[in-house]
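# Coordinates in review
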Amino acid sequence: MKTAVYPGSFDPVTLGHYDIIERTAKIMDRVVIGVLQNKSKTPLFSAQERVKMLEEVTKDLPNVEVRCFDGLLIDFARSCDAKVIVRGLRAVTDFEYELQMAQTNRVIAPEIDTLFLNTNLKYSYLSSSIVKEIAEFGGDIQEFLHPQIARKVMEKFAQGRDLGKK
Ligand code: PNS
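These lines cover the structure that appears in this document, whether it is placed above or below.

## Observations concerning the side chain of Thr58
Tracing the backbone through its elements, the reader meets Thr58 in the loop between helix H2 (47-57) and strand S3 (64-69). Of note is the side chain of Thr58, whose polar atom sits 2.7 Å from the backbone oxygen of Leu54. Excluding residues that lie within four positions of it along the chain, Thr58 makes contacts with Tyr18, Ile21, Ile33, Val64 and Val66.

Here it is in structure tokens:
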């Protein structure tokens, strides 16, 4: 059984992430999406909310599961019995950081390889941060997210605006 982990913040999951998940699910027997819990910056969505959103959008992919993780990625990969870490590469700007992570992880865990998938050209400009910035200022984010996720992001920012008024 070939298992891959696909780690990230997923705050929130975008159509670019989903494209990578769908393609990984086709080439691997099992895909475990790892939602990082302990990022230094405060996320828009809690880890539980992010897991739930990923479960929702991947419900029709039977070999995909979603878990939360804390600490080192390679420990998470080992706990999933995965020998592959998948990361999406959007552009050359991603490369330096991704290569540094992959090289470091390979030194700590030589039995685990990082597999890079080039992002679908359609989503090569897309990031969760850009989507949040557009939503924060009332822009239309429907092009970038599953409809139910777009709704949740808009609700979050609407809640924030209501709180600001009080
Ligand atoms: O979607 P992101 O935020 O770019 O994902 C980054 C992620 C989660 C892959 C990275 O921050 C990570 O692996 N964090 C876990 C801590 C860790 O293992 N750090 C050492 C990596 S060399």
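## With respect to empty space enclosed by the protein
The tally for this structure, following the rule as stated, stands at one cavity of 30 Å³ or more. Approximately 30 Å³ is the volume attributed to the largest cavity. Every residue lining the largest cavity is listed: Leu73, Ile85, Arg87, Glu98, Met101, Ala102, Asn105, Thr114 and Phe116. For the lining of the largest cavity, the elements supplying multiple residues, two or more each, are strand S4 (84-89), helix H4 (92-108) and strand S5 (113-118). If you tally residues by element for the lining of the largest cavity, the top one is H4, at four residues. By residue class, the composition of the lining of the largest cavity is five nonpolar, two polar and two charged.

Calculation criteria
Residues numbered from 1 in each chain as written. Predicted model: local features only at pLDDT ≥ 70, side-chain atom pairs only at ≥ 80, totals over all residues. Heavy atoms only, no water. Helix = DSSP H or I, 4+ residues; strand = E, 2+ residues; numbered from the N terminus. Polar contact = N/O pair within 3.5 Å; in protein donor to acceptor, adjacent residues only side chain to side chain. Contact = heavy atoms within 4.5 Å. 1 Å grid on protein atoms, 1.4 Å probe; cavity = no way out; pocket = protein on both sides within 12 Å on 5 of 7 lines; lining within 4 Å. Points joined across faces, edges and corners; volume = space filled by probe spheres on them. Nonpolar A, V, L, I, M, F, W, Y, C, P; charged D, E, K, R; others polar.

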